[in-house]
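# Structure assessment
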Amino acid sequence: MPTNTANNESSILEKEQKRWERFFKTLNSGDFRFGHTSRQLVWKKNKATLWHYPAQTKKYDVPIFIVYSLFNQPTILDFAPGSSVLEGLVNRGYDVYLLDWGIAGYEDKNISIEDYVASYIKKGVQRSLRHSGAEEISVVGYCLGGTLAAMYASIAEEPIKNLVTAAVPIDFSVAASLPENWAEAMLEGNMNLDRFIEVYGLVPPVYVEAMFRSITSPVYNTPYTLLLSRAHDQRFTEKWHRMNTWTKGHVPLTGGAFKQLNEDLFKGNKLVKGEFTIHGKKADLKNIKANLLAVSMKSDNLIPEEQSKPIMDLVSSEDKTFLRIEGGHVNLAMSGKFAGILDDWLSERSTK
């Protein structure tokens, strides 16, 4: 018995040692490579790139144009083989175009939200239509990218057949997910960013990351506890590391975009009021007549349903669906299940 006890203690000690070794190895290992799905460069403008992900076997006439958030890199949409939104869509027979904003520099400080809509999204859709030879297109927007996609759809002259907004802020009077003092300052117009933007020209990634950390506080350290508890599982540690790499990959936000986000959306809520303008043209959501799918996540602690759902009453679409599903803000993209959700809805709306 004493020998068996000693052997058991030795085995437990060895397992604990390996667990801690894998824990520290995961924390200190290099970044993962994202982007496994085959793609082709179609167009570039400034820092932005339009990528084409060709269908494995083309089944649908209407291609998909994806607009991601300005705060993060879109690599989460091609997270890993088997859990990639882009891979899932091309495997289901869709041609996909992704507008990658790139990484803004000081020289881009004056680019505003309306510039991104009129000079990037609009031009990107035009290029996608020309490249694909399609007569119509589906526009899919995720997070703040969906806000921009809705703005574009409200002024678009291009043939948009379908519009999908996923975890998208529309009604900015709802700011429950922001730290209370930030939300109050934004809504009451007491957040003066002029001096900050004058100095930096843009919002550095470290400040963007701090904002999102403050939103998820005090549970930010939970992922590290979870990693330690499951450090023996190599498959889990690899997935955890991919996710941790992406969450630290925030990109700078131009001063022009941040100012407009603060003044026209948080403070003025102009999109909901039909008062937001894009280079002099009113971006009224009632102009949208495309088929609409709005997706909200039940456990989204960043964009609550109350921020997303108002689009249903603001558009003029006859065919519109609101879908509330399980999961959090990022789960929709990193699990790859978003591809299945899109396919279920788009399949019967993507033929001539």
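Residues numbered from 1 in each chain as written. Predicted model: local features only at pLDDT ≥ 70, side-chain atom pairs only at ≥ 80, totals over all residues. Heavy atoms only, no water.

As recorded by an unreviewed UniProt entry, the protein chain carries the name Alpha/beta fold hydrolase and is attributed to Neobacillus citreus.

## What to know about the packing of helix H3 (residues 113–132) against helix H4 (residues 144–155)
Between H3 and H4, the least distance of the axes is 10 Å, while the angle of their chain directions is 70°. Put simply, H3 runs roughly perpendicular to H4. Between H3, through Ile113, Tyr116, Val117, Ile121, Lys122 and Val125, and H4, the contact on the second element is made entirely by Leu148, Ala149, Met151, Tyr152 and Ile155. The class makeup of the residues in the contact of H3 with H4 is 10 nonpolar, no polar and one charged. (Axes fitted to C-alpha atoms, helices over the stretch in contact; angles between N-to-C directions. Helix = DSSP H or I, 4+ residues; strand = E, 2+ residues; numbered from the N terminus. Parallel < 35°, antiparallel > 145°, perpendicular 65-115°, else oblique. Contact = heavy atoms within 4.5 Å. Nonpolar A, V, L, I, M, F, W, Y, C, P; charged D, E, K, R; others polar.)

## Re the pattern of salt bridges
As enumerated under the stated definition, the model contains 14 salt bridges in all. One salt-bridge network, in which partners are shared between bridges, spans Lys47, Glu107 and Asp108. (Salt bridge = Lys/Arg side-chain N within 4 Å of Asp/Glu carboxyl O.)

## Section: the pairing of strand E6 (residues 160–166)
Within E6, seven of the seven residues are buried, which leaves the element mostly enclosed by the surrounding structure. Pairing analysis gives six bridges linking strand E5 (residues 137–142) to E6, with the strands arranged parallel. Following the sheet pairing, Gly141 is matched in E6 by Thr165. Here E6 runs beside strand E11 (residues 291–297); their pairing, made up of five bridges, is parallel. Paired with Leu163 across the two strands is Leu292, which belongs to E11. (Buried < 20%, exposed > 50% of the residue type's maximum accessible area, 1.4 Å probe, protein only. Pairing = 2+ DSSP bridges.)

## Some points on helix H10 (residues 255–267)
In the structure, H10 departs most strongly from a straight axis at Leu261, where the bend amounts to approximately 30°. Across the 13 residues that make up H10, a large majority, 10, are buried. Among the residues of H10, those classed as buried are Gly255, Gly256, Ala257, Phe258, Gln260, Leu261, Asn262, Asp264, Leu265 and Phe266. A positive phi of about 50° marks Asn269, the residue just after H10. (Bend = angle between axes of the 7 residues up to and from the residue.)

## Thoughts on the pairing of E11
Among the seven residues in E11, seven count as buried, and that is most of the element. Neither face of E11 is open: one carries Asn291, Leu293, Val295 and Met297, the other Leu292, Ala294 and Ser296, and all of them are buried. Sheet topology note: the E11/strand E12 (residues 320–325) ladder contains six bridges and is parallel. In the strand pairing of E12, Val295 is matched with Leu323.

## A few points about the sheet that holds E11
Pairing is mixed across the open sheet formed by eight strands, whose spatial order is E1-E2-E4-E3-E5-E6-E11-E12. Looking at strand neighbours, the two that pair on one side only are strand E1 (40–45) and E12, the edges of this open sheet. On average, each strand axis in the sheet is tilted by 15° relative to the strand beside it, whichever way the strands run. Sheet topology places E1 next to strand E2 (residues 48–53); five bridges connect them, and they run antiparallel. Bridging across to E2, Lys44 finds its partner in Thr49. Here H4 sits on the sheet in contact with strand E3 (64–67), E5 and E6, set at roughly 140° to E5. Contacts between helix H15 (residues 337–346) and the sheet are confined to E3, E5, E6, E11 and E12, with E6 contributing the most and set at about 145° to the helix.

## Considerations on unusual backbone geometry
Positive phi outside glycine occurs at Cys143, with the angle close to 55°. Within the secondary structure, Cys143 is located in the loop between E5 and H4. With a phi angle near 50°, His279 is a residue other than glycine that sits in the positive phi range. Structurally, His279 can be placed in the loop between strand E9 (277–278) and strand E10 (281–282).

## Topic: the packing of aromatic side chains
Counting across every chain of the model gives seven aromatic pairs. Ring geometry for Tyr60 and Tyr94: centres 4.3 Å apart, planes at 20°, overall stacked. Separated by 34 residues along the polypeptide, Tyr60 in the loop between E2 and E3 and Tyr94 in the loop between helix H2 (85–91) and strand E4 (96–100) bring together distant segments of the chain. The class for Tyr60 is buried, based on a relative accessible area of 9%. Considering the side-chain rings of Tyr142 and Phe338, the 5.9 Å spacing of their centres and the 80° angle between planes classify their relative orientation as edge-to-face. Taken as a pair, Tyr142 in strand E5 and Phe338 in helix H15 lie far apart in primary sequence, 196 residues in all. (Phe/Tyr/Trp six-rings, centres within 6.5 Å; stacked < 30°, edge-to-face > 60°.)

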